[in-house]
Amino acid sequence: MRFFVAMFSHETNTFSTIPTDRRQFEARDLRYGGELLEAYRGTGTCLGGMIEGAAARGVTLVPSVAAAASPAGRVVADFYAETKRRLLDDLRGAGGLDGVLLDLHGAMVPEPLEDGEGDLLRAVRETVGPAVPVAVTLDFHANVTHEMVRHATLLHGYKTYPHVDMDARGREAIERLLDVVAGRLRPTVAWRQPLLLPPIASQLTARGPMRLLYDRAAEMERDPRVVTVSIFAGFPLADIRDAGLSVYVATDHDPGLAAGLADELAATAWAHRNEFLHTAPPVDEAVARALAAPGRPVVLADIADNTGGGAAGDTTEILRELLRVGARQTTVACVWDADAVQACARAGVGATVTVDVGGKVDPSHGAPVRVTGRVRTLSDGRFVHRGPMFRGLEGRLGPTAVLDVNDVKIILISLRWQTLDPEMIRVVGIDPTAEKVLVVKSSVHYRAAFEPLAHAVIEVDAPGLSTSNLGRFTFKNLRRPIFPLDEFQPT
Ligand SMILES: [Zn+2]
């Protein structure tokens, strides 16, 4: 049994001014061929699950490209075309294949297209023909389109946010693909797109409307006729027609059942739409509450400047307020500012420097903060994720400096990465549990690893491109009307 395997993953924030080019992929992950298997074996990722499943079932994997970049602006046309061509060339050259396994995101917007995965899957389908099954894992934030549904045999969306089930979805994808190849399963699918654009901070699956929907989906999946159910919360920071929540149900040769279940889940999501509305306290109030809290550490979640949602990761309003009120025993993790890192590196550990920190990518989200502090540590920014997310996977922050400004420790990084793992703080010599306040630039993912060690979590409504206030953006391509941007009753 031979399955082709590849990964091409990007979550595109079309409002970002940072183009996603080859360098952005090289900074995160860009591998070819057998390197894919070496890098991902044993990790808490979709590829990790697929590799484990293949080993358990005696499947030979034929590896192609693995390309992923931190969320940012559109994927540049050249890189998209080159990566697609390479993947298709590998597919044509792979010889006899029994199936195709793809680890995609579902919210990639390459120039000049709207729907990267739909385009890629159409090309994959044309290459392998109608008889070879194509199984795809997709992020919980996929903006699923008709083209993706049409050209994939089965889609498997993550069921958790924070995403702690990626390896489980990878294993599921290969198991169901084996069922299809063996003729044990004939997938029939239904897909629904209620007119909902939930902000990301309201999409967590620990509670709220996504928990409710996934509890019902879990009941549905107990029916042996149901193959898989995915409720994609969608990625709202993409000005494309198909952004937003959608429901995907696959059954075994029972289209009526798939349609009925998908209709029910779509109606349930709509009925609970108001629970997706999300607000957070403003910066001054949130900082005051953190400092007044009796325990430690208090996590201040900078939900609007989440690089994992395509924000810059360099906004400074929370830092500015912490300095203004004289906060101590505080760590700000992590500010993307390679220039500030270089200034610290030139000065050396122990030196006192004055630098402008952050606020350099997009002036509409605030200005740099001029600080004078002591360079506490310098490092290469390499670490290994301890999990639950990306367990075992290497992380790279690039050259990294910690600048200590009267006991406000600013972690400055050179490569954008969401603050989702306390290891990113430990690796630069700071014990996160000893701090009074931890600022983390993350919308929801931080919860998986930070909530267990935090005394309290306070979300902050600061400026940034991953804000919950979607009314701050001008959408031109999104289908309208849509909740919560428009007031309407669907017919
Ligand atoms: Zn996601």
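In the block above lies the structure referred to throughout.
It should be emphasised that the depicted structure is a prediction, and the values quoted were computed from it without experimental measurement. (Residues numbered from 1 in each chain as written. Predicted model: local features only at pLDDT ≥ 70, side-chain atom pairs only at ≥ 80, totals over all residues. Heavy atoms only, no water.)

Before going further, it helps to spend a moment on the pairing of strand S9 (residues 246-252). Most of S9 is tucked away, with 6 of its 7 residues classed as buried. Bridge analysis of strand S7 (residues 187-192) against S9 gives 6 bridges, and the strand direction is antiparallel. Among the inter-strand pairings, Thr188 is bridged to a residue of S9, identified as Thr251. Where strand S8 (residues 226-232) lies against S9, 6 bridges are found, and the strand directions are antiparallel. (Buried < 20%, exposed > 50% of the residue type's maximum accessible area, 1.4 Å probe, protein only. Helix = DSSP H or I, 4+ residues; strand = E, 2+ residues; numbered from the N terminus. Pairing = 2+ DSSP bridges.)

This paragraph deals with the coordination of the zinc ion. The zinc ion binds to the protein through Asp139 (OD), His141 (ND1) and His163 (NE2); the donor distances cover 2.1 to 2.2 Å. Counting along the primary sequence, the residues that act as donors to the zinc ion give the motif D-x1-H-x21-H. Taken together, the residues span a long stretch of sequence, with His141 in the loop between strand S5 (134-138) and helix H6 (146-151) and His163 in the loop between strand S6 (154-157) and helix H7 (166-181) at a distance of 22 residues. Overall, His163 belongs to the buried group, its relative accessible area being 4%. (Donors = N, O, S within 2.8 Å, 3.2 Å for Na, K, Ca; no water.)

Taken residue by residue, helix H12 (residues 338-347) has Ala340, Val341, Ala343 and Cys344 as its buried positions. Angular distribution of buried residues about the axis of H12 spans 160°; they occupy a single face of the element. Residues Asp339 and Arg346 are exposed on H12 and point more than 90 degrees away from its buried face. In this fold, the buried residues of H12 make contact with strand S12 (352-357), strand S13 (369-379), strand S16 (400-405) and strand S17 (408-413). The distance from a side-chain oxygen at the start of H12 to the backbone nitrogen of Asp339 is 3.3 Å, and the residue carrying that oxygen is Asp337. (Arc of directions from axis to C-beta. Contact = heavy atoms within 4.5 Å. Polar contact = N/O pair within 3.5 Å; in protein donor to acceptor, adjacent residues only side chain to side chain.)

This paragraph deals with the side chain of Thr228. Mapped onto the elements, Thr228 comes out in strand S8. Within the local environment of Thr228, its side chain forms a polar contact with the side chain of Glu172, the two groups lying 2.8 Å apart.

Turning to the sheet that holds S16, a few remarks are in order. Pairing between sheet strands relies on hydrogen bonds along the backbone, with the strands arranged either parallel or antiparallel. The sheet built from 8 strands is open, its strands ordered S12-S13-S16-S17-S11-S18-S10-S19 with mixed pairing. The open sheet has two free edges, formed respectively by S12 and strand S19 (456-459), since each of these has just one partner strand. Across the sheet, the mean angle separating the axes of adjacent strands is 30° when strand polarity is ignored. Strand direction decides the pairing type here: strand S10 (residues 298-301) and S19, joined by 4 bridges, are parallel. The residue bridging Ala301 from the neighbouring strand is Glu459, located in S19. Its contacts with the sheet put helix H11 (residues 317-324) on S10, strand S11 (330-336), S12, S13, S16, S17 and strand S18 (437-440), and the angle it makes with S13 is roughly 100°. (Axes fitted to C-alpha atoms, helices over the stretch in contact; angles between N-to-C directions.)

Another aspect to go through is the environment of Arg289. With respect to the helices, strands and loops of the structure, Arg289 is situated in helix H10 (residues 283-292). Assessed through its relative accessible area of 43%, Arg289 is described here as partly exposed. Along the chain, Arg289 and Ile458 lie 169 residues apart, while their C-alpha atoms are 8.2 Å from each other. The contact partners of Arg289, leaving out residues within four places of it in the chain, are Pro281 and Ile458.

On to the pattern of salt bridges. Applying the stated criterion across every chain yields a total of 41 salt bridges. The salt bridge partner of Asp356 is Arg370, with a shortest N-O separation of 2.7 Å. Linking Asp356 in strand S12 with Arg370 in strand S13, this pair joins segments that are 14 residues apart in sequence. A residue is classified by how much of its surface remains accessible, and Asp356, at 29% relative accessible area, is partly exposed. Of the charged contacts in the structure, one is a salt bridge between Glu394 and Arg382, with a shortest N-O distance of 3.0 Å. You can see Glu394 sitting in strand S15 (residues 394-396) and its partner Arg382 sitting in strand S14 (residues 382-384), a full 12 residues away along the chain. (Salt bridge = Lys/Arg side-chain N within 4 Å of Asp/Glu carboxyl O.)

Cis rather than trans, the peptide bond between Glu111 and Pro112 has omega equal to -10°. Here Pro112 shows up in the loop between strand S4 (99-104) and helix H5 (116-128). Residues Gly387 and Pro388 are joined by a peptide bond in cis, for which omega reads 5°.

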